[in-house]
Amino acid sequence: LQNGSDDSSGKPYTYDVAMQSLFGRLNYDYDGKYLFEANLRSDGSSRFAKGHRWGAFPSFSAGWNIHKESFLEKLSMLSELKVRASWGTLGDAEKVGYYATAQVLNYNPKIYSFNDILVGGAFNNMAINNSITWEVSEMTNVGVDFGIYDQKIKFSLDYFNNLRKDILYQPPVPKEFGLSAPYSNLLKMRNRGMEFLVMYDDNSGNWNWGVDMNASFSK
């Protein structure tokens with residue numbers, strides 16, 4: 001329940017909005033070598049109509065610390081060699097406002113003219129789409145971490161592929177339609193590329209210092 005006042009008129013207003021979430025998580029770690037995590041969250045929002053309020057958003061990640069394997073024990077300078085990958089989804093519901101699937105009427109105290117006198121009235125100015133649901137971000141990442149000489153020199157390389165789908169959007173419509181277009185799950189956008197990081201950390205007496213360089217490429 002959210003309360004406030006209109007900045008122009010000072011009149012109070014109240015909005016009702018509700019969200020409920022359920023979470024589950026599983027972790028696995030074998031001797032610090034093999035790592036796995038799975039998450040599942042289920043979100044429900046009052047911003048959508050019944051039958052479309054809930055969305056399930058899983059995620060998974062895994063890592064392999066190769067430098068801890070026995071066949072690399074003789075490489076004393078190697079302090080880290082890790083391969084990792086992750087995939088996950090998240091939902092977004094907030095951009096549609098509080099009552100995107102409810103037929104809301106707007107009131108104007110001086111909108112209609114009767115006998116040359118302006119009188120108030122209520123009107124509908126937006127069409128409704130009851131089938132809209134969660135906008136989803138799907139994120140994939142694969143990377144490798146490499147370190148030598150007790151992590152003095154570190155290197156990381158990541159490939160990412162982020163897909164935003166079922167984007168909630170109000171398309172333009174001609175004025176003859178008479179109403180604003182309803183929100184719909186219409187669009188899709190992908191962002192993918194690579195990130196590269198090199199770091200050098202050292203110390204001299206009581207001084208710790210470091211240099212790093214990073215670059216990223218995305219489309």
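No experiment lies behind these values; they were computed from the predicted model shown.

Engineer: How should I be thinking about the overall build of the protein chain in this particular structure?
Structural biologist: Assigned secondary structure in the protein chain consists of zero helices and twelve strands. Its helices and strands taken in sequence order, the protein chain reads β-β-β-β-β-β-β-β-β-β-β-β from the N to the C terminus. A compact globule built from 219 residues should have a C-alpha radius of gyration of about 17 Å, whereas the protein chain, at 27 Å, is more than 25% larger. Each principal axis of the C-alpha atoms in the protein chain carries an extent, and together these give about 95 × 40 × 35 Å. A total of 219 residues make up the protein chain; the buried ones form 24% of that total. Counting contacts in the protein chain only where the partners sit at least 6 residues apart, residues at least 24 apart contribute 55% of the total. Split by element, the accessible area of the protein chain, about 15,100 Å² in all, is 55% carbon and sulfur.

Engineer: For this particular structure, what's the right way to read the layout of surface pockets?
Structural biologist: Empty space among the atoms becomes visible once a probe the size of a water molecule is rolled across them. One number sums up the size of the second largest pocket: a volume of about 220 Å³. Along the walls of the second largest pocket sit 17 residues, with N39, S59, G88, T89 and L90 positioned nearest its centre. Of all elements in the fold, only strand 3 (19–30), strand 4 (34–45), strand 5 (54–65) and strand 6 (78–92) reach the threshold of two or more residues within the lining of the second largest pocket. Looking at the lining of the second largest pocket element by element, the count peaks at five residues for strand 6.

Engineer: Looking at this structure, how should I read the side chain of N65?
Structural biologist: On the secondary structure map, N65 appears in strand 5. Since its relative accessible area comes to 9%, N65 is described here as buried. Ignoring any residue separated from it by four or fewer positions in sequence, one finds N65 in contact with G32, K33, L35, L81 and K82.

Engineer: Hey, could you run me through the nonpolar core in this one?
Structural biologist: Across soluble globular proteins, nonpolar side chains have a tendency to be buried as a group. Within the largest apolar cluster, ten residues are counted, these being F48, F57, A93, V96, A100, I132, W134, V136, L168 and Y183. Those residues in contact with V136, other than ones at most four positions away along the chain, are F57, T89, L90, L163, R164 and K165.

Engineer: When you look at the sheet that holds strand 6 in this model, what are you seeing that I'm missing?
Structural biologist: Strand-to-strand pairing in sheets goes through backbone hydrogen bonds, with the strands running parallel or antiparallel. Across the sheet, which stays open at both edges, the eight strands sit in the order 3-4-5-6-9-10-11-12 with antiparallel pairing between neighbours. One side of each edge strand has no neighbouring strand; the edge strands of this open sheet are strand 3 and strand 12 (207–218). Across this sheet, the average inter-strand angle for adjacent strands is 10°, counted without regard to direction. Strand direction decides the pairing type here: strand 4 and strand 5, joined by eleven bridges, are antiparallel. What sits directly across from A38, in strand 5, is F60.

Conventions adopted
- Residues numbered from 1 in each chain as written.
- Predicted model: local features only at pLDDT ≥ 70, side-chain atom pairs only at ≥ 80, totals over all residues.
- Heavy atoms only, no water.
- Helix = DSSP H or I, 4+ residues; strand = E, 2+ residues; numbered from the N terminus.
- Rg over C-alpha atoms; globule rule 2.2 N^0.38 Å.
- Buried < 20%, exposed > 50% of the residue type's maximum accessible area, 1.4 Å probe, protein only.
- Contact = heavy atoms within 4.5 Å.
- Areas by Shrake-Rupley, 256 points an atom, 1.4 Å probe, with all protein chains shown as cover.
- 1 Å grid on protein atoms, 1.4 Å probe; cavity = no way out; pocket = protein on both sides within 12 Å on 5 of 7 lines; lining within 4 Å.
- Points joined across faces, edges and corners; volume = space filled by probe spheres on them.
- Core = buried A, V, L, I, M, F, W, Y, C linked by side-chain atoms within 4.5 Å.
- Pairing = 2+ DSSP bridges.
- Axes fitted to C-alpha atoms, helices over the stretch in contact; angles between N-to-C directions.

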